[in-house]
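# Per-entry structural report
Chain by chain, the residues:
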Amino acid sequence: MSYFSIEGGRSLYGEVKISPAKNSVLPLMCSAILVGELFIENCPKIGDVLVMCEILNKIGGTVKWQDGGLYINTENVHSTVLPEEETKKIRASFFLVGAMLKRFGTVTVTKPGGCNIGSRGLDIHIDGLKSLGAKVLETENEYIFSAERLQGRTFNLRYPSVGATENLIMASVTALGETILKNCAKEPEVKDLCDFLNLCGGKIYGAGTNTLRIQGVKKLKGKVSYLPLPDRIEAGTFLLLFMLVGGEGEISFVGKKNIYLLMKKILDNACNKDGFCVNIYREKIYICANGFPEGLGKIVTSPYPGVPTDLHPLISAYASSAKGITTIEENVFDCRFAYLDGLKKFGAKFTKKGNVVTFNGTKLHGAEVYAPDLRGGAGLVLVGLKAEGKSKVFNGDVIMRGYDDFAVKLQKIGANIKFAKE
Ligand code: EPU
């Protein structure tokens, strides 16, 4: 079992460089099926990306870590059956369906396994692909998609699902005619995918808005080198960490517009006090936190541009010892609260009713806890860094699925933390 061992209670000082966003990199890797060759600059070597590498490898693609990034070539992909074991591990494997279907006319994909943060339906992906002309055969364990051709249509997503929007963009960018996607996800990572595909010759209009007009082109050109946008969830994680444990830091390579709401909440509620300052200049956040962190009032998660659900457990980590009340209402996933068991062991005081958890910040002590999922686990690490004494966060691998060099970045700013496997 892997774990983080932590000695908490230290203030942190120094610079943290944010990596490109996991949730941009994964769909970009899927789009390599359409563009043939692609180089992802400064690609984070995180667990989910390594699993996607394995999937591309197993179906005949070439994947190489070189020159500080990830080179992908899918020209020799020969299998249209996605490997079961890896496909089950990451939800993003399903985002390959649109591109595979367009390129090969068929794809077989194992049903993604259960998920720790919610039910995570696929109905919008499937209905959208059907509207473009796909046929779907569902067996006990898998979906088999086929399409003689994909024809542009108008499709209204009943919920702005990030993955379904991305899947449909990839299915339609080289489909026949025009596709109009309404009620799309507006997350910056979706826009990043559109920007990349447009760079390769795609004709996607309205990127970053809730309506996309996609004029199918015959072919996309590959051999493009691309730097994905910064990871806004990683940036938010480090911002909350500095606020929580105190100290002074600089967080660089930040898409500042993309974490604006979190920044605003912090500036309005927690940071207008003596001893705190947060400044944003160019792509950097400067932060000094030499006072007592205060509660954030009410936080409601929702699709972009709302507060991201992926920051919910990190905000809880902050709230568990920030003076006063913070209430978090979770509106995207139906069971994102598994991390609360761990927080209780640290001594956190909270009440939970339905999808709302209310924290009354208190002094925390070290504990041994289990990371239930990626963001919940990262939240527990933050609490371990705040709590006086020794802590262990087990199942550390789940955190390494999404945080690049997490322990190393923390050590560089003075945290007493180690990642180990036994
Ligand atoms: N949903 C459906 N039917 C569908 C698709 C989604 O009911 O066909 C529901 C889901 O069950 C969920 C909600 O819609 O309740 C949102 O799901 P969405 O499809 O938007 O999420 P996703 O595409 O599976 C991506 C990120 C997640 C992030 C969500 C929401 C990637 C690889 N993953 O997932 O990232 O939480 O969008 O912003 O892009 C993470 O990084 O920790 C993470 C979980």
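Everything that follows concerns the structure shown earlier in this document.
Everything in this summary refers to the structure shown in the same document. Note that the structure is predicted; figures quoted are calculated from it, not measured. (Residues numbered from 1 in each chain as written. Predicted model: local features only at pLDDT ≥ 70, side-chain atom pairs only at ≥ 80, totals over all residues. Heavy atoms only, no water.)

### Observations concerning the nonpolar core
Among the nonpolar cores identified, the biggest contains 71 residues, and M29, F145, I169 and L197 are the most heavily contacted of them. Top element by residues in this core is helix 1 (residues 22-35). It accounts for nine residues. In terms of nonpolar packing, the next biggest core, distinct from the first, is built from 68 residues, I266, A319, A367 and A415 among them. (Core = buried A, V, L, I, M, F, W, Y, C linked by side-chain atoms within 4.5 Å. Buried < 20%, exposed > 50% of the residue type's maximum accessible area, 1.4 Å probe, protein only. Helix = DSSP H or I, 4+ residues; strand = E, 2+ residues; numbered from the N terminus.)

### Regarding the state of the cysteines
Following the criterion strictly, the structure yields one disulfide and no others. A disulfide bridge connects C277 with C288, and the sulfur atoms are separated by 2.4 Å. Taking the sign of the S-S torsion, 130 degrees for the link of C277 and C288, the bridge is right-handed. Remark: C288 occurs in strand 16 (residues 284-289) and C277 occurs in strand 15 (residues 276-281); sequence separation between them is 11 residues. Free cysteine: C43, not disulfide-bonded; nearest cysteine sulfur from C53 at 6.8 Å. Lacking any disulfide linkage, C184 is separated from the closest cysteine sulfur, that of C194, by 8.0 Å. (Disulfide = S-S within 2.5 Å.)

### Side note on the environment of I287
Residue position: I287 is located in strand 16. C-alpha of I287 to C-alpha of G121: the two residues are 166 residues apart in sequence and 39 Å apart in space. Those residues in contact with I287 that lie beyond four places of it in its chain are L239, F242, M243, G247, E248, G249, C277 and V278. (Contact = heavy atoms within 4.5 Å.)

### Examining helix 8 (residues 232-245)
Given a rise of 1.5 Å per residue, 14 residues ought to cover 20 Å, and the 20 Å separating the end C-alpha atoms of helix 8 matches this to within 8%. Among the 14 residues in helix 8, 14 count as buried, and that is most of the element. The opening residue of helix 8 is D231, an N-cap whose side-chain oxygen sits 3.0 Å from the backbone nitrogen of I233. Where helix 8 ends, the next residue or the one after it, G246, has phi of about 85 degrees, a positive value. (Expected span 1.5 Å × (residues − 1). Polar contact = N/O pair within 3.5 Å; in protein donor to acceptor, adjacent residues only side chain to side chain.)

### Remarks on the site of the ligand
The ligand sits among 23 residues. The nearest are D123, S161, G163, D310 and V332. Between the ligand and R91 there is a distance of 3.0 Å, counted from an oxygen atom to a side-chain nitrogen or oxygen. Separating an oxygen atom of the ligand from a backbone N or O atom of I124 is a distance of 2.8 Å. Listed by contribution, the elements that provide at least two residues to the shell around the ligand are helix 1, helix 5 (123-131), helix 6 (162-172) and helix 12 (374-386). Its residues assigned to classes, the shell around the ligand shows 10 nonpolar, six polar and seven charged. (Near = heavy atom within 4 Å. Nonpolar A, V, L, I, M, F, W, Y, C, P; charged D, E, K, R; others polar.)

### Considerations on the pattern of salt bridges
The full count for this structure, using the stated rule, is 16 salt bridges. Its salt-bridge partner being E37, residue K223 comes within 4.0 Å of it at the nearest N-O pair. Residue K223 is located in the loop between strand 12 (211-215) and strand 13 (224-226), and its partner E37 is located in strand 3 (residues 37-40); the two are separated by 186 residues in the primary sequence. Under the relative-accessibility criterion, K223 is labelled exposed at 68%. Between R158 and D123 there is a salt bridge whose closest N-O contact spans 2.7 Å. With a gap of 35 residues between them, R158 in the loop between strand 9 (154-156) and helix 6 and D123 in helix 5 connect regions that are remote in the sequence. Relative accessible area serves as the criterion here: at 38%, D123 is assigned to the partly exposed category. One connected set of salt bridges, linked through shared partners, spans D123, D127 and R158. (Salt bridge = Lys/Arg side-chain N within 4 Å of Asp/Glu carboxyl O.)

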